[in-house]
Amino acid sequence: MVKRREGKMKRLVEVCAGSYEDCLNASFGGADRVELNSALSVGGLTPGIATLRRVKQDTDLKVICMVRPRAAGFCYTEKEKKVMFEEAELLLGNGADGLAFGFLHEDGSIEEESTKRMIDLIHEGKKEAVFHRAFDVCRDAHAAMELLISLGADRVLTSGQREKAMEGKELLKELQETYGSGIELLAGSGVNADNAAELMAYTGIWQVHSSCKAYYEDKTTVGEDVSYAYLPAPHERCYDGVSLEAVRRLTEVLQNDFEELIR
């Protein structure tokens, strides 16, 4: 059954966060929600419970936690799934407002059994079930969206199956027009203060996901004969994190422009 969403739309900013400090910057910058991860350098993995607890204690942010056991794709072994469901229960039991996850078959179709099980687990606690950008490697975007709606997913994070959301804006618009009454779409990847308003206006999607990234130096990253760098020059001595100023700029741009966008 298609779920109808009623009431006036409000622009919503979700920040992709990899730490407690990232979440503080998101909160101070005016974000509405964070997707809390660890290891953003590999696309985001399951965060620690202590970080989640601290964020819920010290901010009023809605916190969606990633459930992802490793880097690369989304076709998981039974052993990996066992850990994922245990992590999901721990996160939900420690204050997560929802979970972001994705299960795929090798052919790029959604693995229905595990997806339904995760959605049902999340909904038992009246939390939000978010299918993340695993959607962007699905072979058939429309079939995937229809299945997720039928299974009861609340939201899909997507770049329109392109590297960046602005590149995928045609599919994003099509998906919003076709399915937006039945499921929330969250546009992410490469979204920032310079393009968010344009993307929203074009696609009709009213919520965006942004890393609001900045680089912070740690001089101990590189020694005389050893390097722990994971970023290329000129940031090889840095780690990336959320910029308070970038969040503030994004939220202010959308605060100023959103009423005009939805007229």
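Structural data are supplied above this passage.
Computed from a predicted model, the values in this text were never measured in an experiment.

Asks: I would appreciate a short explanation of the environment of Glu 113 in the present structure.
Replies: Checked against the element boundaries, Glu 113 lands in helix H4 (residues 112-124). Taking the C-alpha atoms as reference points, Glu 113 and Leu 151, separated by 38 residues in sequence, lie 9.8 Å from one another.

Asks: Please explain the packing of helix H6 (residues 169-179) against helix H7 (residues 196-203) as it appears in this structure.
Replies: Running from N to C, H6 and H7 cross one another at 45 degrees; their axes reach a closest spacing of 8 Å. Accordingly, the angle class assigned to the pair H6 and H7 is oblique. Together, Lys 169, Glu 170, Leu 172, Lys 173 and Gln 176 of H6 and Glu 198, Leu 199, Tyr 202 and Thr 203 of H7 make up the contact between the two elements. Its residues assigned to classes, the contact of H6 with H7 shows 3 nonpolar, 2 polar and 4 charged.

Asks: What exactly am I supposed to notice about the nonpolar core here?
Replies: Across soluble globular proteins, nonpolar side chains have a tendency to be buried as a group. Ranked by size, the top nonpolar core spans 66 residues in total, and within it Val 15, Leu 99, Met 118, Phe 131, Phe 135, Met 145 and Ile 183 carry the most contacts. When residues in this core are grouped by element, the largest group, 7 residues, is from helix H5 (residues 141-151). Setting aside anything within four residues of it in sequence, one finds Val 15 in contact with Ala 26, Ala 31, Arg 33, Val 34, Glu 35, Ser 210, Ser 211, Cys 212, Val 242 and Val 247.

Asks: Whenever I open this one, the pattern of salt bridges confuses me. Can you help?
Replies: One pass over the structure, following the stated rule, counts 14 salt bridges. With its nearest N and O atoms 2.7 Å apart, the salt bridge here joins Lys 56 to Asp 97. Here the residue Lys 56 occupies a position in helix H2 (residues 49-58), and Asp 97 occupies one in the loop between helix H3 (78-93) and strand S4 (98-101), the gap between them amounting to 41 residues. The exposure class of Lys 56 is partly exposed, given its relative accessible area of 28%. Notably, a salt bridge pairs Asp 240 with Lys 213, separated by 3.7 Å at the nearest N-O pair. Of the two residues, Asp 240 sits in strand S10 (residues 238-242) while Lys 213 sits in strand S9 (residues 213-217), which places them 27 residues apart along the sequence. A relative accessible area of 44% places Lys 213 in the partly exposed class. A network of salt bridges, in which partner residues are shared, links Lys 62, Glu 128, Arg 155 and Glu 184.

What counts and what doesn't
- Residues numbered from 1 in each chain as written.
- Predicted model: local features only at pLDDT ≥ 70, side-chain atom pairs only at ≥ 80, totals over all residues.
- Heavy atoms only, no water.
- Helix = DSSP H or I, 4+ residues; strand = E, 2+ residues; numbered from the N terminus.
- Axes fitted to C-alpha atoms, helices over the stretch in contact; angles between N-to-C directions.
- Parallel < 35°, antiparallel > 145°, perpendicular 65-115°, else oblique.
- Contact = heavy atoms within 4.5 Å.
- Nonpolar A, V, L, I, M, F, W, Y, C, P; charged D, E, K, R; others polar.
- Core = buried A, V, L, I, M, F, W, Y, C linked by side-chain atoms within 4.5 Å.
- Buried < 20%, exposed > 50% of the residue type's maximum accessible area, 1.4 Å probe, protein only.
- Salt bridge = Lys/Arg side-chain N within 4 Å of Asp/Glu carboxyl O.

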